[in-house]
Amino acid sequence: MLDFILRPLKRNFGQDKEYYKIIDDMFGIIPHNIELYKLALIHKSASLVLEDGRSINNERLEFLGDAVIESVTSDYLFIEYPEYDEGALTQLRSKIVSRQSLNALAIELGLDRAVISNGGVNISQKHIYGDAFEAMMGAVYLDQGYEFVNRLLINNLYVNYLNVDNLTHSETDFKSRLIEWCQKNHHTIEFQTAHDKGYSSIHPVFYAKVLIDNMEVGHGSGDSKKIAEQQAAYSVSHSLSDEECADLLDRLDKLSQ
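Computed from a prediction, not measured in an experiment: that's the story for all the values here. (Residues numbered from 1 in each chain as written. Predicted model: local features only at pLDDT ≥ 70, side-chain atom pairs only at ≥ 80, totals over all residues. Heavy atoms only, no water.)

1. As for the packing of aromatic side chains
Now for step 1: The full count for this structure, using the stated rule, is 2 aromatic pairs.
Now for step 2: Note on Tyr-81 and Tyr-84: the rings are 4.9 Å apart at their centroids and 35° apart in plane angle, and the pair reads as tilted.
Now for step 3: Under the relative-accessibility criterion, Tyr-84 is labelled partly exposed at 27%.
Now for step 4: Lying across the ring of Phe-191, Lys-175 places its NZ or CZ 5.0 Å from the centre. (Phe/Tyr/Trp six-rings, centres within 6.5 Å; stacked < 30°, edge-to-face > 60°. Buried < 20%, exposed > 50% of the residue type's maximum accessible area, 1.4 Å probe, protein only. Lys NZ or Arg CZ within 6 Å of the ring centre and 35° of its normal.)

2. Notes on the nonpolar core
Now for step 1: Among the nonpolar cores identified, the biggest contains 47 residues, and Phe-27, Phe-133, Met-136 and Met-137 are the most heavily contacted of them.
Now for step 2: At the level of secondary structure, the elements contributing two or more residues to this core comprise helix H2 (17-27), helix H3 (34-40), helix H4 (59-80), helix H5 (86-96), helix H6 (99-109), helix H7 (128-144), helix H8 (146-161) and helix H9 (164-168).
Now for step 3: The leading source of residues in this core is H7, at 9 residues.
Now for step 4: Those residues in contact with Met-136, other than ones at most four positions away along the chain, are Ile-23, Met-26, Phe-27, Tyr-37, Ala-40, Leu-41 and Leu-111.
Now for step 5: Counting residues in hydrophobic clusters, the runner-up holds 14 residues, among them Phe-206, Ala-208, Val-210 and Ala-233. (Core = buried A, V, L, I, M, F, W, Y, C linked by side-chain atoms within 4.5 Å. Helix = DSSP H or I, 4+ residues; strand = E, 2+ residues; numbered from the N terminus. Contact = heavy atoms within 4.5 Å.)

3. Some words on H7
Now for step 1: With 17 residues, H7 extends 24 Å from end C-alpha to end C-alpha; this agrees with the ideal 24 Å at 1.5 Å per step.
Now for step 2: Burial of H7 is extensive: 14 of the 17 residues sit out of reach of the surface.
Now for step 3: Positive phi shows up at Gly-145, right after H7, with a value of about 100°. (Expected span 1.5 Å × (residues − 1).)

4. Section: the packing of H7 against H8
Helix packing geometry: the angle between the two helix axes and the distance between the axes.
Now for step 1: It is at 7 Å that the axes of H7 and H8 come closest, and there the two elements cross at 135°. The angle between the axes of H7 and H8 places the two elements in the oblique class. Of H8, the residues touching H7 (which contributes Phe-133, Met-137, Val-140, Tyr-141 and Gln-144) are Tyr-146, Phe-148, Val-149, Leu-152, Leu-153 and Leu-157.
Now for step 2: Residue classes in the contact of H7 with H8 are distributed as 10 nonpolar, 1 polar and no charged. (Axes fitted to C-alpha atoms, helices over the stretch in contact; angles between N-to-C directions. Parallel < 35°, antiparallel > 145°, perpendicular 65-115°, else oblique. Nonpolar A, V, L, I, M, F, W, Y, C, P; charged D, E, K, R; others polar.)

See below:
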């Protein structure tokens, strides 16, 4: 009853009415502590610097939200997929909580229109919306409790925005697959990863090359070593034409003889 009375008041009046509207539209809740959600929207590129030099942004909430999402997702998969063994459950969970998946979910929710970031951030190399979604779940957890965020994720967000069946048949761990292929076919593989020339603490960019039998066959970039190496492995299987793939495999076979 109280929530019914407060909803129109907080959505339409007061200095934080826009924030209340954003959270209510996305998650169907009126926050107890709106400051948590406002903080969850601040990307580190737009950090607020306090007088003592500390930077305020959503990274701590992102850390918390990441753990909460993984815990809720583990519970969900354990119950919904009793026929899956540990390996299958782990693989499916990694797809659901991946930056790519959470970024797409955040955009579906409209979170991309609310995130506060520096205009110079290269969005194509970032997953700032997925990061903000994790921060939001951290804020919901602190504001509403674990049981609430559990119901929100499973009964609302996963049901309406996440096609788990499609994820079970999708491939996201290209690096592991490429390493597995090389080991099976007796080829050496190496990932060389370093900071990109434009690297900074605010704009961290890594560049990765993948070498098979000392021959460079793919490259990628990202805001972490893991993402850059996944992109490099992905480029091997998706950026070459069928003829180029066949030629590459022929050359690798010759090198191994």
